[in-house]
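So you can see what is in the structure, the chains are spelled out below.
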Amino acid sequence: MNRRFVASCVLGAAMALTSALTGALTPTVHVASAAEQFSLEAMVPKRFGGWSVDDSMVPLKPNPEQQTVLEKIYDQTLARTYVNAEGQRVMLSIAYGGDQSKALQLHLPEVCYVAQGFQMVKEQSGTLPTRFGPLPVKRLVARQDQRNEPITYWVTIGDKAVLSGIEQKLQRLAYGLSGKIPDGMLVRVSTIQPGDTEAYKVQDRFVNDMLDAMAARDRARLLGASGKQG
């Protein structure tokens, strides 16, 4: 048999196998399509634990170009500022995307703030203690002129809260191998003040007050459904 013909057959078979495997391993089922519908606006109380919405101040808004990108990524967003009796203000931003495939991924604050002209002067991983378990978070400090904004945020992919980066990718991969496309949530809180240590204490207290006030089902969406019903 002609060697060139044999090689051509082998190559063709290999290409067919590769195509079949690629198709088999490409996730097609959206987790969000089987989940109960919800509203960020409704699930987060406007008043809780001494905090209430302050309509006079809004969190950082994306520029028009960013807004176009975000509208492709997210199905729902929520942006509010809360104030307490001490005059402390915390900006809350939540974004939910039902499709966390490779092409549509959460837009992280490190990218968002820099694109808005901020300098990222601090970035580290941390843990936010809650009575529902420790929450893996990123702590940032963004600065623009005289505005110093300490930031705490966390990410959920599917049913688990993960650190952004490699853990986020591994969680997406785990879903992908089972043929599923996970949904995702990004929760960000920030304050405008010079000292980040005190800012993080205020933010941690705010997050805990918010979680305590939420229904268990809604809280599970923010923390990741695995073991966070409380």
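Residues numbered from 1 in each chain as written. Predicted model: local features only at pLDDT ≥ 70, side-chain atom pairs only at ≥ 80, totals over all residues. Heavy atoms only, no water.

Under the annotation held in an unreviewed UniProt entry, the chain carries the name EpsI family protein and is attributed to Massilia agilis.

Caption draft 1: Representation of the packing of aromatic side chains in the model. This model, assessed by the stated rule, comprises six aromatic pairs. Ring centres of F38 and Y96 lie 4.9 Å apart, and the angle between their planes is 80 degrees; on these two criteria the pair is classed as edge-to-face. Of this pair, F38 sits in the loop between α2 (31-34) and α3 (40-43) while Y96 sits in strand β5 (residues 89-97), placing them 58 residues apart in sequence. Across the pair, Y96 and F38 agree in class, each one buried. With a centroid separation of 5.2 Å and 90 degrees between ring planes, the pair formed by W51 and F206 is classed as edge-to-face. Remark: F206 occurs in helix α7 (residues 196-213) and W51 occurs in strand β3 (residues 51-53); sequence separation between them is 155 residues. Both residues of the pair, W51 and F206, belong to the buried class. Above the plane of the ring of Y200 lies R139, whose end atom (NZ or CZ) is 4.9 Å from the centre. (Phe/Tyr/Trp six-rings, centres within 6.5 Å; stacked < 30°, edge-to-face > 60°. Helix = DSSP H or I, 4+ residues; strand = E, 2+ residues; numbered from the N terminus. Buried < 20%, exposed > 50% of the residue type's maximum accessible area, 1.4 Å probe, protein only. Lys NZ or Arg CZ within 6 Å of the ring centre and 35° of its normal.)

Caption draft 2: Fine view of helix α8 (residues 216-223). Where burial is concerned, most of α8 is hidden: six out of the eight residues are buried. Restricting attention to buried positions, one finds in α8 the residues D218, R219, A220, R221, L222 and L223. Positive phi shows up at G224, right after α8, with a value of about 95 degrees.

Caption draft 3: A look at the pairing of β5. Summarising burial for β5: eight of the nine residues are buried, a large majority. In terms of strand pairing, strand β4 (residues 76-83) meets β5 through eight bridges, oriented antiparallel. In the sheet register, L78 faces β5, and the bridge partner there is I94. In this antiparallel pair of consecutive strands, β4 and β5, the connection spans five residues, and G87 shows a positive phi of 85 degrees. As paired elements, β5 and strand β11 (residues 184-190) share seven bridges and run antiparallel to each other. The residue bridging S93 from the neighbouring strand is R188, located in β11. (Pairing = 2+ DSSP bridges.)

Caption draft 4: Geometry of unusual backbone geometry. Backbone geometry places D145, a non-glycine residue, at a positive phi of 55 degrees. Along the chain, D145 falls in the loop between β7 (135-144) and β8 (147-157). Classification of D145 as exposed rests on a relative accessible area of 70%.

Caption draft 5: Region of interest: the nonpolar core. Membership of the largest hydrophobic core comes to 29 residues, with the highest contact counts inside it found for V44, L92, I94, F206 and M210. Elements with a minimum of two residues in this core: α3, β4, β5, β7, β11, α7 and α8. The leading source of residues in this core is α7, at five residues. Not counting the four nearest positions on each side in its chain, V44 is found in contact with L78, R80, Y82, L92, I94, M210 and M214. (Core = buried A, V, L, I, M, F, W, Y, C linked by side-chain atoms within 4.5 Å. Contact = heavy atoms within 4.5 Å.)

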